[in-house]
Amino acid sequence: MKEMESKTKSRYEYRKLQEKRKQMIAPDLFEFAYVPDWYGHLAELERVALPESWKFRKPSRETKNTDTPILERYIHTIFRKQVIDFNSESDPRKADSIFHLENECVCFHTGLYTPQYKGIYGYFERNNFSDSLRDWYFRGFCDELSPKFPWRNHRH
């Protein structure tokens with residue numbers, strides 16, 4: 001009996017994942033979510049991540065972001081890559097490990113780490129502002145031990 005219940009539960013969870021997977025995600029961060037104070041978030045990310053030079057020594061062109069243009073480009077690129085991988089992954093469990101999407105929260109691993117080698121994630125919450133065109137609201141970057149991290153017991 002317990003084995004049958006276990007199989008039923010597994011099928012239910014798999015079906016739940018399948019339903020969740022039907023959502024295609026926009027590969028552009030600013031199309032996917034409302035992102036307030038983007039440069040403030042990048043400054044915070046630079047502060048918590050392992051030290052790295054995020055500026056060009058001799059920029060070939062002027063950028064709006066003069067403090068962390070490389071970091072900004074990197075985050076946009078890693079977000080795009082993970083969304084494309086998520087959207088093209090047919091196995092819902094593998095897709096979930098790339099881009100974790102739940103009812104009220106989403107997170108993705110930035111590929112960056114804290115000095116304590118804890119993974120840093122970008123995380124979003126459901127956008128509850130009725131006048132917004134975006135379903136998600138970017139809340140910032142945090143490591144997996146942060147109280148802000150939505151899935152403290154879930155490791156990617």
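Structural data are supplied above this passage.
Rules behind the numbers
- Residues numbered from 1 in each chain as written.
- Predicted model: local features only at pLDDT ≥ 70, side-chain atom pairs only at ≥ 80, totals over all residues.
- Heavy atoms only, no water.
- Buried < 20%, exposed > 50% of the residue type's maximum accessible area, 1.4 Å probe, protein only.
- Helix = DSSP H or I, 4+ residues; strand = E, 2+ residues; numbered from the N terminus.
- Pairing = 2+ DSSP bridges.
- Contact = heavy atoms within 4.5 Å.
- Core = buried A, V, L, I, M, F, W, Y, C linked by side-chain atoms within 4.5 Å.
- Axes fitted to C-alpha atoms, helices over the stretch in contact; angles between N-to-C directions.
- Phe/Tyr/Trp six-rings, centres within 6.5 Å; stacked < 30°, edge-to-face > 60°.
- Lys NZ or Arg CZ within 6 Å of the ring centre and 35° of its normal.

**Things to note about the pairing of strand β4 (residues 119-126)**
A regular strand places its side chains so that they alternate between the two faces of the sheet. Taken across its eight residues, β4 has six buried, putting it largely inside the fold. Between the antiparallel neighbours strand β3 (residues 105-113) and β4 lie five residues, among them Tyr117 with a positive phi of about 60 degrees. Relative to strand β5 (residues 136-143), β4 runs antiparallel, the two sharing seven bridges. Its bridge partner lying in β5, Phe124 is registered against Phe138.

**A short note on the pairing of β5**
Of all eight residues in β5, six are buried; the element is thus mostly enclosed. Relative to β5, strand β1 (residues 33-34) runs parallel, the two sharing two bridges. Counted as the bridge partner of Tyr34 is Tyr137 from β5.

**With respect to the environment of Gly122**
Structurally, Gly122 can be placed in strand β4. Put simply, Gly122 and Asp143 are 21 residues apart on the chain and 8.8 Å apart in space, counted from C-alpha to C-alpha. Those residues in contact with Gly122, other than ones at most four positions away along the chain, are Val106, Cys107, Phe108, Thr110, Phe138, Gly140 and Phe141.

**Brief notes about the nonpolar core**
Among the nonpolar cores identified, the biggest contains 28 residues, and Phe32, Trp38, Ile75, Phe79, Phe99 and Phe124 are the most heavily contacted of them. Taken together, the elements giving at least two residues each to this core come down to α2 (29-32), α3 (38-48), α4 (69-88), α5 (92-98), β2 (99-101), β3, β4 and β5. Examining the composition of this core, we find that six residues originate from one element, α4, more than from any other. If we skip the residues at most four places from it in the chain, Ile75 touches Trp38, Leu42, Leu45, Thr110, Leu112 and Phe141.

**Some words on the sheet that holds β1**
Strand pairing in a sheet is mediated by backbone hydrogen bonds. Such pairs are either parallel or antiparallel. In space, the five strands of this open sheet follow the order β1-β5-β4-β3-β2, with mixed pairing throughout. Two strands in the sheet have a free side with no partner beyond their single neighbour: β1 and β2. Relative to β3, α4 is tilted by about 125 degrees, and along the sheet it contacts β2, β3, β4 and β5.

**As for the packing of aromatic side chains**
Throughout the structure, instances matching the rule amount to 17 aromatic pairs. Ring geometry for Phe124 and Phe138: centres 5.1 Å apart, planes at 65 degrees, overall edge-to-face. With Phe124 in strand β4 and Phe138 in strand β5, this residue pair connects regions lying 14 residues apart in the sequence. Of the two residues, Phe124 and Phe138, neither departs from the other in class, the shared state being buried. Among the aromatic side chains, those forming a connected cluster through ring pairs are Phe30, Phe32, Trp38, Phe79, Phe86, Phe99, Phe108, Phe124, Trp136, Phe138 and Phe141. Between Arg126 and the ring centre of Trp136, over which it is positioned, the NZ or CZ distance is 4.2 Å.

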